[in-house]
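# Remarks on the overall topology
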Amino acid sequence: MNRPFSFQAERISRLFHSFNVAAAAMLGLVILLVVYISIRYRRRGNDSGEGAQVTGNNLLEALMIGLPAILLAGFFFASLAAQRAIAPPIGPDLKPDVIITGHQWWWEADYPQAKVITANEVHLPVGRRLLMEMRSADVIHDWWVPELGNKTDLVPGTSNYLWLTINKPGLYIGACSEFCGAQHAWMRIKVVGENEKAFNGWLAANARTALPPADSLAVRGAALFQAKTCASCHRIGGTPAVAKVGPDLTHVGSRNYLLTGMLSTSEANLMAWISHPQQIKPGAWMPDFILSRDSVKAIAHYLESLK
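In this report, the structure presented in the accompanying data block is examined. (Residues numbered from 1 in each chain as written. Predicted model: local features only at pLDDT ≥ 70, side-chain atom pairs only at ≥ 80, totals over all residues. Heavy atoms only, no water.)

Here we come to the sheet that holds strand E6 (residues 141–144). Spatially, the five strands line up as an open sheet ordered E4-E10-E9-E6-E7, and their pairing is mixed. Each end of this open sheet is capped by a strand with a single partner; those strands are strand E4 (121–125) and strand E7 (152–154). For this sheet the average axis-to-axis angle between neighbouring strands, irrespective of direction, equals 30 degrees. Note that E4 and strand E10 (residues 188–194) share five bridges and pair parallel. (Pairing = 2+ DSSP bridges. Helix = DSSP H or I, 4+ residues; strand = E, 2+ residues; numbered from the N terminus. Axes fitted to C-alpha atoms, helices over the stretch in contact; angles between N-to-C directions.)

Laid out in structure tokens, this is it:
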């Protein structure tokens with residue numbers, strides 16, 4: 001099991017290891033009894049008679065029934081306590097800190113208080129208890145970052161909730177754990193746990209609208225982005241592109257990876273993706289527009305400049 005790096009993961013890990021210790025002790029006891037009985041009551045010499053039958057041992061019967069019952073009851077109440085700690089009730093007045101929406105095959109992260117929307121790289125503050133609302137835009141997905149705790153299904157038409165308190169900065173890797181189609185294996189999760197100052201800085205930077213094109217190639221790329229129907233699926237804050245079918249691209253150039261980790265973010269990789277999306281991620285909803293190389297280069301240059 002991965003090392004736990006959240007309060008919730010620690011409680012799950014503690015319960016899991018307690019169960020393992022109890023199960024190992026029970027297995028050891030059974031093995032010892034089997035070995036003892038096999039030696040103590042083995043057939044000797046020409047003895048062909050039936051062994052002595054022992055009945056009416058109330059103490060032995062009470063132990064055989066009572067100890068497992070006590071053990072099961074203990075784990076039952078321990079599980080309830082862990083469940084209450086991991087997933088306390090959500091009152092009607094509680095608002096989510098982050099809304100995660102699963103798409104085929106990428107993740108959208110919406111920070112409603114800050115009016116920030118991003119994709120795939122989910123930044124979260126360390127040391128703060130967060131309420132995450134989990135949604136699906138299409139089929140059932142499953143959010144699971146092993147180092148951060150429990151799995152949560154994302155079900156179309158409903159919202160599930162996940163409490164999370166990360167206790168150490170770092171990059172935490174997970175994946176969709178419910179088969180959701182052709183590119184399920186490449187629906188990876190990257191959670192960046194940051195201290196409060198770094199997270200607030202990231203949030204403020206991503207709350208800003210997109211930077212205007214800085215050179216003639218980026219200007220051409222921005223115009224092509226609008227003209228070639230890229231804006232029909234993608235949003236870039238501060239521009240006429242406001243669609244939410246595909247990932248938000250307002251600050252795509254500041255992300256470390258594209259396509260939930262398939263490619264590092266660079267102009268060359270953006271060009272490859274725009275040119276031949278179905279060769280890179282077969283089954284993805286990104287169509288091949290059959291653009292000229294010069295047009296692809298201009299769009300990729302513009303997108304890479306969106307820091």
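Let's shift gears to the sheet that holds strand E8 (residues 160–164). Ordered by their spatial adjacency, five strands build an open sheet running E3-E2-E1-E5-E8, and the pairing between neighbours is mixed. Across the chains shown, the open sheet's two edge strands, defined by having one partner strand only, are strand E3 (116–119) and E8. Between one strand and the next, the sheet's axes are offset by a mean angle of 25 degrees, whatever the strand orientation. The strands touched by helix H3 (residues 196–207) within the sheet are strand E2 (106–111) and E3, with E3 carrying the most contacts at an inclination of about 95 degrees. (Contact = heavy atoms within 4.5 Å.)

Quick look at the environment of aspartate 294 now. With respect to the element layout, aspartate 294 can be found in helix H7 (residues 293–304). Overall, the relative accessible area of 56% leaves aspartate 294 in the exposed class. For aspartate 294 and lysine 115, which are 179 residues apart along the polypeptide, the C-alpha to C-alpha distance reads 35 Å. (Buried < 20%, exposed > 50% of the residue type's maximum accessible area, 1.4 Å probe, protein only.)

This part is about the pairing of E4. Within E4, five of the five residues are buried, which leaves it mostly tucked inside the rest of the structure. Burial along E4 is two-sided: Glu121, His123 and Pro125 and Val122 and Leu124, pointing in opposite directions, are all buried.

Following the sequence through the fold, proline 156 ends up in the loop between E7 and E8. Among all residues touching proline 156, those that are not within four sequence positions of it are Ser136, Asp138, Val139 and Ile140.

With that out of the way, let us pick up helix H2 (residues 58–86). Taking 1.5 Å per residue, 29 residues should reach 42 Å; H2 reaches 41 Å between its end C-alpha atoms and fits that length. Inspection of H2 places Phe75, Ala82 and Ile86 among the buried residues, and these make up the whole buried set. Contact partners of the buried residues in H2: helix H1 (7–40) and E8. (Expected span 1.5 Å × (residues − 1).)

With that settled, consider helix H5 (residues 267–275). What H5 keeps buried is the set Glu267, Asn269, Leu270, Met271, Trp273 and Ile274. Close packing links the buried residues of H5 with strand E11 (257–258), strand E12 (263–264), helix H6 (277–280) and H7.

A word on the state of the cysteines. In this structure the tally under the stated criterion is zero disulfides. Looking at the unpaired cysteine 176, the closest cysteine sulfur is the one in cysteine 180, lying at 3.9 Å. Not engaged in a disulfide, the cysteine cysteine 230 finds its nearest cysteine sulfur in cysteine 233; these two sulfurs lie 8.6 Å apart. (Disulfide = S-S within 2.5 Å.)

According to the stated counting rule, one finds eight aromatic pairs in the structure shown. Ring geometry for tryptophan 107 against tryptophan 143: centres 5.2 Å apart, planes inclined by 90 degrees, an arrangement best described as edge-to-face. Remark: tryptophan 143 occurs in strand E6 and tryptophan 107 occurs in strand E2; sequence separation between them is 36 residues. As far as burial versus exposure is concerned, tryptophan 107 and tryptophan 143 are alike and both buried. An aromatic cluster of at least three residues, connected via ring pairs, comprises Tyr111, Phe199 and Trp202. Above the plane of the ring of tyrosine 41 lies arginine 40, whose end atom (NZ or CZ) is 5.0 Å from the centre. The cationic tip of lysine 190 hangs over the ring face of tyrosine 257; the distance from NZ or CZ to the ring centre is 4.6 Å. (Phe/Tyr/Trp six-rings, centres within 6.5 Å; stacked < 30°, edge-to-face > 60°. Lys NZ or Arg CZ within 6 Å of the ring centre and 35° of its normal.)

As far as function goes, none of this settles anything; it's purely spatial.
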